[in-house]
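Understanding the architecture of this molecule
Next come the chains, spelled out residue by residue.
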Amino acid sequence: MTTAIPYDADATHTTPLTFEWTCVASGDEVSYEATGNCPVCGCAMTRSWTFGQHLLAKGGFLGRRDEPGPQPYHTLCRCRTTHLGRPPQEEFGCGALLVIAPPTPEAGPAS
Ligand SMILES: [Zn+2]
Ligand SMILES: [Zn+2]
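In this text, all values refer to a predicted model and were calculated from it rather than measured experimentally.

**Regarding the overall build of the protein**
- Counting secondary structure elements, the protein contains one helix and six strands.
- For the protein, the N- to C-terminal ordering of α and β elements is β-β-β-β-α-β-β.
- Expressed as a percentage of its 111 residues, the buried residues of the protein come to 33%.
- Restricting to contacts in the protein with at least 6 residues of sequence separation, those with at least 24 account for 56%.
- Surface exposure of the protein reaches about 6800 Å², of which carbon and sulfur atoms provide 53%.

Written out as structure tokens, the structure is:
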């Protein structure tokens, strides 16, 4: 982990990354948390997605899915390192757009 890598909003990493998925179920809502290292800056990062009808009824947010599905996940790097030149409105990350491989079925909620 180093702060020597500057923030770069143009950085992308298009090869799907194999992150470790953690699944948390509460009520009819399921959260999947992907944890791994950003390949661009090398920092550890975690990003979570929530699925289910519960929050959708309250409006949800753009891009929410009902189920995890087989599609890869796109996210900006969410590491907590302060990278040089990061815009003040960005709270996390090095600016890189990452593609994370979807959770395997085994990572799903135990039923
Ligand atoms: Zn990064
Ligand atoms: Zn970083």
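**Concerning the coordination of the zinc ion (ligand 1)**
- Taken together, Cys38 (SG), Cys41 (SG), Cys77 (SG) and Cys94 (SG) make up the full set of protein donors to the zinc ion (ligand 1), lying 2.3 Å away.
- Each of the four donor atoms around the zinc ion (ligand 1) contributes to a set of angles spanning 102 to 117°, which defines the coordination as tetrahedral.
- For the zinc ion (ligand 1), the donor residues sit on a single chain with the sequence spacing C-x2-C-x35-C-x16-C.
- Here the zinc ion (ligand 2) and the zinc ion (ligand 1) are spaced 3.7 Å from one another, each receiving a donor from Cys41. One end of the pair, Cys38, is in the loop between β3 (29–37) and β4 (44–51); the other, Cys77, is in the loop between β5 (73–76) and β6 (97–100), with 39 residues separating them in the sequence. The pair formed by Cys38 and Cys77 is uniform in burial state, with each residue classed as buried.

**Here's the deal with the coordination of the zinc ion (ligand 2)**
- Every protein donor of the zinc ion (ligand 2) is accounted for by Cys41 (SG), Cys43 (SG), Cys79 (SG) and His83 (NE2), and the metal-donor separations fall at 2.1 to 2.4 Å.
- Of note is the zinc ion (ligand 2), whose four donor atoms meet at the metal with angles of 94 to 123° in an arrangement that counts as tetrahedral.
- All donors of the zinc ion (ligand 2) come from a single chain, and their spacing in sequence reads C-x1-C-x35-C-x3-H.

**A word on the sheet that holds β6**
- Judged by pairing direction, the sheet is mixed, and its three strands sit side by side in the order β1-β6-β5 without closing on themselves. What marks the edges here is a single partner per strand, and that holds for β1 (12–17) and β5. Taken over all neighbouring pairs, the strand axes of this sheet differ in orientation by 20° on average, direction set aside.
- Sheet topology note: the β5/β6 ladder contains four bridges and is antiparallel. When the bridges of β6 are listed, Thr75 appears paired with Leu98.

**Describing the environment of Pro6**
- Mapped onto the elements, Pro6 comes out in the segment before β1.
- C-alpha separation for the pair Pro6 and Leu84, spaced 78 residues apart in sequence, amounts to 4.5 Å.
- Once residues within four sequence positions are removed from consideration, Pro6 is found in contact with His83, Leu84 and Cys94.

**A few points about the packing of aromatic side chains**
- This structure, assessed with the given rule, holds six aromatic pairs.
- When the centroid spacing of 5.6 Å and the interplanar angle of 75° are considered together, the rings of Tyr32 and Phe51 count as edge-to-face. Residue Tyr32 is found in strand β3, and its partner Phe51 is found in strand β4; the two are separated by 19 residues along the sequence.
- Connected via pairs of aromatic rings, a cluster forms that spans Trp21, Tyr32, Trp49, Phe51 and Tyr73.
- When the ring centre of Trp49 is taken as reference, the NZ or CZ atom of Arg47 above it lies at 4.4 Å.

Calculation rules
- Residues numbered from 1 in each chain as written.
- Chains lettered and ligands numbered in written order.
- Predicted model: local features only at pLDDT ≥ 70, side-chain atom pairs only at ≥ 80, totals over all residues.
- Heavy atoms only, no water.
- Helix = DSSP H or I, 4+ residues; strand = E, 2+ residues; numbered from the N terminus.
- Buried < 20%, exposed > 50% of the residue type's maximum accessible area, 1.4 Å probe, protein only.
- Contact = heavy atoms within 4.5 Å.
- Areas by Shrake-Rupley, 256 points an atom, 1.4 Å probe, with all protein chains shown as cover.
- Donors = N, O, S within 2.8 Å, 3.2 Å for Na, K, Ca; no water.
- Tetrahedral: all angles 85-135°; square planar, octahedral: opposite > 155°, others 65-115°.
- Pairing = 2+ DSSP bridges.
- Axes fitted to C-alpha atoms, helices over the stretch in contact; angles between N-to-C directions.
- Phe/Tyr/Trp six-rings, centres within 6.5 Å; stacked < 30°, edge-to-face > 60°.
- Lys NZ or Arg CZ within 6 Å of the ring centre and 35° of its normal.

In short, the description is geometric, and any link to function would need to be established separately.
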